[in-house]
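Chain residues, written in single-letter form:
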Amino acid sequence: MKLNDAKAFVGHQVHVCRFREAGTLLRWMGDDLRGKRVLDVAGGDGYWAGQARKRGAYAVSIDLARGKMLYGRTLKHPPALIECDALKLPFADESFDALLSVCAIEHFDDGGTALDEMSRILKPGGELFMSADVLSRSHDWPKLREAHCDKYHVQHTYTHESLAGLLTERGMELADYSYQFRSRTTERLYLSLSAYGGRVGFNAAAPLTPLVALADRRSPNDRGSIVLIRARKK
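All values reported here derive from a predicted model rather than from experimental measurement.

Trainee: A description of the overall build of the protein chain should follow, citing residues and the corresponding values.
Mentor: The helix and strand inventory of the protein chain stands at 9 helices and 7 strands. Scaling as 2.2 N^0.38, a compact globule of 234 residues should have a C-alpha radius of gyration of about 17 Å, and the protein chain matches this with 17 Å. The buried share of the protein chain, reckoned over its 234 residues, is 54%. Considering only contacts in the protein chain between residues 6 or more positions apart, those separated by 24 or more positions represent 75%. Total accessible area on the protein chain is roughly 10800 Å²; 52% of this is exposed by carbon and sulfur atoms. A gap of 6 Å separates the mean positions of the 34 positive and 29 negative side-chain charges of the protein chain.

As structure tokens, this is what we get:
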């Protein structure tokens, strides 16, 4: 394994949040993606689109962060990396079988326009696999919420219900959803790590992943820090 691949693995998979989050979305997408065209919207260095490529997909990742994409091109399984705006995608209508977007929509000024574009380029019957910040209880800890939103430029938060409404307006229907960091304790952990720990903190907290997963299983699937959705275009 090359050094950059090892660093990418640590940054994306040795992580108390991203491994479960993106891993669940990819599990929903399926193990055999041969013949599928997959786009990761705001995919940064393209790591997760690269995982779709490893499963046989023709994978594309778009982002505005050129530095991240230049880094992504050095990885072992890079997708096609295109610098462009998620609110104005340079692809033809109905040109992708599946779309992936990992905690990106909350950073957009206009999440509705982003979903307009995603719906436009998705084939009928195609699926969207997306996660978003919810921060259900964050108003209980206003300083943590403010620090998180300022640090990560969070413009909006979403629930599965609000996303379902936006998707319905765009010809898509919610097929499945799941919350992560569902309990009060784990949600505060998430906010504390994001506010003060950053990537280093999330990586250092990776040994807690089984405990977070256990707490999630024991808590109602109706709130949390992050929501994952699977939607289908009619």
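Trainee: Can you break down the pattern of salt bridges residue by residue, with the values?
Mentor: Considering all chains together, one arrives at 14 salt bridges under this definition. In this structure, the salt-bridge partner of Asp93 is Arg120, at a minimum N-O distance of 2.8 Å. Residue Asp93 is found in the loop between strand 3 (80-83) and strand 4 (96-101), and its partner Arg120 is found in helix 5 (residues 111-121); the two are separated by 27 residues along the sequence. Given a relative accessible area of 51%, Asp93 falls into the exposed group. Its salt-bridge partner being Glu127, residue Arg230 comes within 3.0 Å of it at the nearest N-O pair.

Trainee: Quick one: what's the story with the side chain of His12, residue by residue and with numbers?
Mentor: In this fold, His12 is placed in helix 1 (residues 3-12). A distance of 3.0 Å separates the side chain of His12 from the side chain of Asp45, its partner in a polar contact. In this structure the side chain of His12 is engaged in a polar contact, spanning 3.5 Å, whose partner is the side chain of Trp48. Those residues within four positions of His12 in sequence are excluded, and the remaining contacts are Arg18, Phe19, Asp45, Tyr47 and Trp48.

Trainee: Describe in detail the UniProt feature "domain: Methyltransferase type" (unreviewed entry) in the protein chain, supporting the description with residues and values.
Mentor: Within this structure's numbering, the places UniProt gives as "domain: Methyltransferase type" (unreviewed entry) are residues 39-129. Taken end to end, residues 39-129 is 29% helix and 30% strand, and its first and last C-alpha atoms sit 10 Å apart.

Trainee: Describe in detail the environment of Leu33, supporting the description with residues and values.
Mentor: Looking at the secondary structure, you find Leu33 in the loop between helix 2 (18-29) and strand 1 (37-41). The buried category is assigned to Leu33, whose relative accessible area is 4%. Sequence-wise, Leu33 and Arg55 are 22 residues apart; in three dimensions their C-alpha atoms are separated by 5.4 Å.

Trainee: Explain the packing of aromatic side chains to me, and be specific about the residues and the numbers.
Mentor: By the definition in use, this model includes 5 aromatic pairs. Centroid distance Phe91 to Phe96: 5.1 Å. Interplanar angle 85°. Geometry classified as edge-to-face. Like Phe91, the residue Phe96 is buried in the burial classification. Note on Tyr190 and Phe202: the rings are 5.7 Å apart at their centroids and 50° apart in plane angle, and the pair reads as tilted. Look at Phe202 and you get buried, because its relative accessible area is 6%. Over the face of the ring belonging to Phe96 we find Arg37, whose NZ or CZ atom lies 4.9 Å from the ring centre.

Trainee: Pulling in residues and values, what's your account of the sheet that holds strand 7 (residues 226-233)?
Mentor: Taken in spatial order, the 7 strands make up an open sheet running 3-2-1-4-5-7-6, and their pairing is mixed. A strand with exactly one partner marks an edge of an open sheet, and here the two such strands are strand 3 and strand 6 (172-180). With strand direction ignored, the average angle separating the axes of adjacent strands in the sheet is 15°. Note that strand 1 and strand 4 share 3 bridges and pair parallel. Looking at the pairing, Val38 lines up with Ala98 of strand 4. Of the strands in this sheet, strand 1, strand 2 (58-63) and strand 4 are in contact with helix 3 (residues 47-54), which crosses strand 2 at around 175°.

Trainee: How would you summarise the pairing of strand 1 if you had to cite specific residues and measurements?
Mentor: Along strand 1, 4 of the 5 residues are buried, which leaves the element largely enclosed by surrounding structure. Bridge count for strand 1 against strand 2 is 5 bridges, and the pairing is parallel. Residue pairing in the sheet places Asp40 in a bridge with Ser61 of strand 2. Viewed along the sheet, the connection from strand 1 through helix 3 into strand 2 turns out right-handed.

Scoring rules and cut-offs
- Residues numbered from 1 in each chain as written.
- Predicted model: local features only at pLDDT ≥ 70, side-chain atom pairs only at ≥ 80, totals over all residues.
- Heavy atoms only, no water.
- Helix = DSSP H or I, 4+ residues; strand = E, 2+ residues; numbered from the N terminus.
- Rg over C-alpha atoms; globule rule 2.2 N^0.38 Å.
- Buried < 20%, exposed > 50% of the residue type's maximum accessible area, 1.4 Å probe, protein only.
- Contact = heavy atoms within 4.5 Å.
- Areas by Shrake-Rupley, 256 points an atom, 1.4 Å probe, with all protein chains shown as cover.
- Lys, Arg positive; Asp, Glu negative; His and termini not counted.
- Charge placed at Lys NZ, Arg CZ, Asp CG, Glu CD.
- Salt bridge = Lys/Arg side-chain N within 4 Å of Asp/Glu carboxyl O.
- Polar contact = N/O pair within 3.5 Å; in protein donor to acceptor, adjacent residues only side chain to side chain.
- UniProt positions renumbered as here; feature names shortened; annotations may be inferred.
- Phe/Tyr/Trp six-rings, centres within 6.5 Å; stacked < 30°, edge-to-face > 60°.
- Lys NZ or Arg CZ within 6 Å of the ring centre and 35° of its normal.
- Pairing = 2+ DSSP bridges.
- Axes fitted to C-alpha atoms, helices over the stretch in contact; angles between N-to-C directions.
- Right-handed = clockwise from strand over helix to strand, strands pointing away.

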